[in-house]
Amino acid sequence: MSFMLDDVGLTHSNGFTALSHISLSATQGESIALIGPSGAGKTSLLSTIGTAYLPTAGRMQVLGQTASAQSSVRELKALRSRIGTVYQAAPIPLRQRVVTAVLAGKLGQWPLWKALASLAYPQDIAGAREALARVQLEDKLFARCDQLSGGQLQRVGIARVLYQQAGLILADEPVSALDPALSQATVQLLVQEAAARKATLVASLHAVDLALANFSRIVGVRNGRLAFDLPAAQVSEAQLQALYAHADGRAAELPTLHNRLTQRDPASTAPAPIQVNACR
């Protein structure tokens, strides 16, 4: 079992309840897409699985360890070193060199002397170059991060997780700054990486068609609760419409890669209908 959440709840110190009665588990090697409207709780769920937040109700196990408010700092630090997270906005110091940002993926695994030495002189240039090549950025190896575009920075964050070789990969809108073609290629890369290493991948995605085309399991999240947890081939148009409906019940346009493209280019053609059962 990669992770298991049993009736988990998350209430912040200000009283806001972000998650309620979440029961979700994954076996090693599964790839799961989280979909749902903005503010549904997808990021909170990923942050909880990654132990950035700890449950305030229920119980949770991640990579064979119980994670709770009673866990020691040392236990949580060791656990987090085995989890790779791709952020929507990568938390990378802009003055840092790309090679250093990628190698930071293994700082939690290296001894202190090696981690400190790598800040002065990169300890595994070949490994960083290989990870960057997989996201088509090998030519940026020694560039400063403040010289990169938002999409390039996002891909550096993905390269860092590829280099880390984590047993659990959590991706929060990992392609939000990429064009549709690169978005598809990058999601496929993450899914293939997880499958090749039998790692577990959980990705929050804005585009419904991207999730259905690449993930065999789809989890819908709305108002901090699970709306459904189904094989992609069983997700219906009615379930998607209910998931994204406005609070007053009015139907909402399903977010797709094509929607994002037409928002950037108003001259684009009218949106094509979504293919619901696209995943193999």
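Computed from a predicted structure; not experimentally measured.

(A) Spatial organisation of the side chain of S71. Mapped onto the elements, S71 comes out in the loop between β5 (65-66) and α2 (73-80). Here the side chain of S71 touches T66 through a polar contact of 3.3 Å, landing on its backbone oxygen. Those residues in contact with S71, other than ones at most four positions away along the chain, are T66 and L76.

(B) Molecular detail of the sheet that holds strand β6 (residues 83-86). Read from one edge to the other, the open sheet built from six strands follows the order β6-β7-β8-β3-β9-β10, with strand pairing classed as mixed. Both outer strands of the open sheet, β6 and β10 (225-231), are each paired with one neighbouring strand and no more. Each neighbouring strand pair of the sheet contributes to a mean axis angle of 15°, computed without reference to strand direction. Pairing geometry for strand β3 (residues 31-35) and strand β9 (residues 217-222), over four bridges, is parallel. When the bridges of β9 are listed, I35 appears paired with G220.

(C) Quick peek at the confidence of the model for the protein. The share of residues in the protein with pLDDT of 70 or more is 92%, and the mean pLDDT across the chain is 91. Between residues 261-280, whose pLDDT stays under 50, and residues either more than four places distant or in other chains, the model counts 41 contacts.

(D) Seen up close, unusual backbone geometry. Residues other than glycine seldom take positive phi values, yet Q165 does so here, at roughly 55°. Counting through the fold element by element, Q165 comes out in the loop between α6 (150-164) and β7 (168-172). Overall, Q165 belongs to the partly exposed group, its relative accessible area being 48%.

(E) Just the pattern of salt bridges, in detail. If you walk through the whole model with that rule in mind, you get seven salt bridges. Of the charged contacts in the structure, one is a salt bridge between D146 and R144, with a shortest N-O distance of 2.4 Å. A salt bridge links R217 to D229, with the nearest nitrogen and oxygen atoms 2.8 Å apart. Residue R217 is located in strand β9, and its partner D229 is located in strand β10; the two are separated by twelve residues in the primary sequence. Note on D229: relative accessible area 32%, which makes it partly exposed.

(F) Spotlight on the side chain of S81. Turning to its location among the elements, S81 is positioned in the loop between α2 and β6. Residues contacting S81, with those up to four places away along its chain left out, are G108, Q109 and Q164.

(G) Representation of the packing of α6 against helix α7 (residues 180-197) within the structure. Axis separation between α6 and α7 bottoms out at 11 Å; the angle between their running directions is 10°. Classed by the angle they form, the pair α6 and α7 counts as roughly parallel. Contacts between α6 and α7 pair R155, I158 and L162 from the former with L182, T186, L189, L190 and E193 from the latter. Of the residues belonging to the contact of α6 with α7, the class tally is five nonpolar, one polar and two charged.

(H) Geometry of α7. With 18 residues, α7 extends 26 Å from end C-alpha to end C-alpha; this agrees with the ideal 26 Å at 1.5 Å per step. Where α7 begins, the side chain of D179 points an oxygen toward the backbone nitrogen of A181, at a separation of 3.1 Å. Where α7 terminates, the next one or two residues include K198, which has phi positive at roughly 55°.

(I) Broad picture of the environment of D6. Secondary-structure assignment places D6 in strand β1 (residues 3-11). When near neighbours in sequence (up to four residues on either side) are disregarded, D6 contacts I22, S23, G58 and R59.

(J) Quick peek at the pairing of strand β4 (residues 57-62). Judged from the five bridges that link them, β1 and β4 form a sheet pairing that is antiparallel. By the bridge assignment, F3 is partnered in β4 with V62. Inspection of the sheet shows β4 paired to β5 by two bridges, in the antiparallel sense. Within β5, the residue paired with V62 across the bridge is Q65.

(K) Geometry of the nonpolar core. Ranked by size, the top nonpolar core spans 56 residues in total, and within it V102, V156, L205, F215 and I218 carry the most contacts. Here this core gets seven residues from one element, more than from any other, and that element is α6. Residues M60, L63, L170 and V219 belong to the second largest nonpolar core, which totals 27 residues.

What counts and what doesn't
- Residues numbered from 1 in each chain as written.
- Predicted model: local features only at pLDDT ≥ 70, side-chain atom pairs only at ≥ 80, totals over all residues.
- Heavy atoms only, no water.
- Helix = DSSP H or I, 4+ residues; strand = E, 2+ residues; numbered from the N terminus.
- Polar contact = N/O pair within 3.5 Å; in protein donor to acceptor, adjacent residues only side chain to side chain.
- Contact = heavy atoms within 4.5 Å.
- Pairing = 2+ DSSP bridges.
- Axes fitted to C-alpha atoms, helices over the stretch in contact; angles between N-to-C directions.
- pLDDT = per-residue confidence, 0-100.
- Buried < 20%, exposed > 50% of the residue type's maximum accessible area, 1.4 Å probe, protein only.
- Salt bridge = Lys/Arg side-chain N within 4 Å of Asp/Glu carboxyl O.
- Parallel < 35°, antiparallel > 145°, perpendicular 65-115°, else oblique.
- Nonpolar A, V, L, I, M, F, W, Y, C, P; charged D, E, K, R; others polar.
- Expected span 1.5 Å × (residues − 1).
- Core = buried A, V, L, I, M, F, W, Y, C linked by side-chain atoms within 4.5 Å.

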